[in-house]
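Residue-level structural notes
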Amino acid sequence: MTNDELYKKVFCDTFLIEESQLTGLAYQGVKSWDSIGHMALVAALEETFDIMMETDDIINMSSFEKGKEILIKNYALEF
Amino acid sequence: MLLTGKNAVITGCLKGIGRSTLETIAINGSNVWACALAPDEEFEIFCQDLANENNVWIKPVYFDLSDHEQIKTALKQIASDKQPINILVNIAGMTKDALFHMIPMDQMKLIFEVNFFAQMYITQFITKLMVRQKVGSVVNISSISALDGSYGQLSYSASKAAIIGATKTLSIELADKGVRVNALAPGVIDTDMVKAVPEDIIMKRINQISLKRLGHVDEVSKAVLFLASDLSDYISGQVIRIDGGI
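One structure accompanies this document, and this report is about it. From a predicted model like this one, the values you see are computed outputs, not experimental measurements.

The subject of this paragraph is the overall build of chain B. Looking only at helices and strands, chain B features nine helices and seven strands. In terms of overall size, chain B behaves like a compact globule, its C-alpha atoms giving a radius of gyration of 17 Å where 246 residues would be expected to give roughly 18 Å. Referenced to the eigenvectors of the C-alpha coordinate spread, the extents of chain B come out at roughly 50 × 40 × 35 Å. Counting over 246 residues, chain B shows a buried share of 43%.

Written as structure tokens, this is what we have:
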């Protein structure tokens, strides 16, 4: 799987949503992306991409797009 | 052996309660990342001998708790070992005693940086790994001064009180993720920190202790062992006094 596919899969699996819902998805945009869901998302991203996210990045990961931007900029992931 | 096959991160291992805890945890079969302020040859030899005697590995890790970047680098080094972390013991701390109106704010901030914020940064990082494993035990070293107050120790006692608040809240937040969080509140323990206190003051304190003596570092580390091990499976969010009865 490509990083892009993995990234989408993490979101879909964590929040139990369809890929069609991902574009424009923001924190609390679906019921499952609450604060607890956010930490589950972080754990899944860290495990999938073998990274340890900084607290500032965890706080700033406010949307599907923003998360990808952070992974590219701060964790040298390529999409 | 209560901790066979487990891995522990312990801060403040160079001396006192930290070194005794390192010894107790290793003797009980756990591998250890032994955190200390700065490289020290005697400490390295101590770690190596202790590891050999107990068939565990002990990795010294050095960083200054007042330096965020150093902590971050050290934690990444620990994480890069790709080992599960079962136990975190936050021991490292400092005190600068002064009467309240004589405490410069910078000094108070430094005490909080070392005794509280650095501990929280480490705990944030390590418990994130524990949550993934769905198991872990965090033991924070507070102080009876956080519970009772202590003349001339406002910064220290307040920072240690903050540790108690964090312990209780964290124990609630991490409970359903299999991570227990507890604190110990040692009283007057025979360490270098106490040796620096004038004898008449120490004697006065001893007279207030039911057991009429100072505590020994191993009496604290045995309590750490209890909280780190499965013996305390159903204990979380607690503060245990180790003070000889006051």
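More follows now that the structure is in view.
Residue and element names in this part refer to chain B. Pairing is parallel in the open sheet, where seven strands are placed in the order β3-β2-β1-β4-β5-β6-β7. Looking at which strands have only one partner, the edges of the open sheet turn out to be β3 (58–62) and β7 (239–242). Each strand axis lies, on average, 15 degrees off the axis of its neighbour in the sheet, ignoring direction. Direction of pairing for strand β5 (residues 136–141) relative to strand β6 (residues 179–186): parallel, over a ladder of six bridges. Across the sheet, the residue bridging to Asn140 is Ala183, located in β6.

This next bit is on the pairing of strand β2 (residues 31–36) of chain B. Residues and elements named next belong to chain B. Within β2, six of the six residues are buried, leaving the element largely enclosed by the surrounding structure. Relative to β2, strand β1 (residues 7–10) runs parallel, the two sharing four bridges. Bridging across to β2, Ala8 finds its partner in Val32. Handedness of the crossover joining β1 and β2 through helix α1 (residues 16–27) is recorded here as right-handed. Crossover connection from β2 via helix α2 (residues 41–54) to parallel β3: handedness right-handed.

So, about the interface of chain B and chain A. A common way to express how large an interface is: the accessible area buried when the components associate. If you look at the interface, chain B gives five residues, while chain A gives four residues. The set of elements that each furnish at least two residues to the side of chain B that touches chain A consists of α3 (68–80) and α4 (105–133) of chain B. Of the residues forming the side of chain B that touches chain A, the biggest block, three residues, is contributed by α4 of chain B.

Formed by 62 residues in total, the largest nonpolar core has its most connected members in Ile10, Ala34 and Ala228 of chain B. Element by element, the count of residues in this core is highest for α4 of chain B, at eight residues. Excluding anything up to four places from it in sequence, Ala34 of chain B contacts Ile10, Cys13, Leu22, Cys47, Ile58, Lys59, Pro60 and Val61 of chain B. Formed by ten residues, the second largest nonpolar core is a distinct cluster that contains Phe15, Val42, Met53 and Phe64 of chain A.

Right, let's talk about unusual backbone geometry for a bit. Most peptide bonds take the trans configuration, and most residues that are not glycine carry a negative phi. Residues and elements named next belong to chain A. Positive phi outside glycine occurs at Ala76, with the angle close to 55 degrees. Looking at where Ala76 falls in the secondary structure, it is placed in the segment after α4 (64–75). Note on Ala76: 8 C-beta atoms within 10 Å, which makes it exposed.

For the rest of this paragraph, the subject is the packing of α1 of chain B against α2 of chain B. Residues and elements named next belong to chain B. Where α1 contacts α2, the two axes come as close as 9 Å, and the packing angle between them is 20 degrees. Classified by the interaxial angle, the pair formed by α1 and α2 is roughly parallel. Remark: the crossing between α1 and α2 carries right-handed chirality. Only Leu50, Ala51 and Asn54 of α2 make contact with α1, whose side of the interface consists of Glu23, Ala26 and Ile27. Taken together, the residues that form the contact of α1 with α2 break down as four nonpolar, one polar and one charged.

What counts and how
Residues numbered from 1 in each chain as written. Chains lettered and ligands numbered in written order. Predicted model: local features only at pLDDT ≥ 70, side-chain atom pairs only at ≥ 80, totals over all residues. Helix = DSSP H or I, 4+ residues; strand = E, 2+ residues; numbered from the N terminus. Rg over C-alpha atoms; globule rule 2.2 N^0.38 Å. Buried ≥ 20, exposed ≤ 12 C-beta atoms within 10 Å, placed from the backbone. Pairing = 2+ DSSP bridges. Axes fitted to C-alpha atoms, helices over the stretch in contact; angles between N-to-C directions. Right-handed = clockwise from strand over helix to strand, strands pointing away. Contact = placed C-beta atoms within 7 Å. Core = buried A, V, L, I, M, F, W, Y, C linked by C-beta atoms within 7 Å. Parallel < 35°, antiparallel > 145°, perpendicular 65-115°, else oblique. Left-handed = near helix turned anticlockwise from the far one by under 90°. Nonpolar A, V, L, I, M, F, W, Y, C, P; charged D, E, K, R; others polar.

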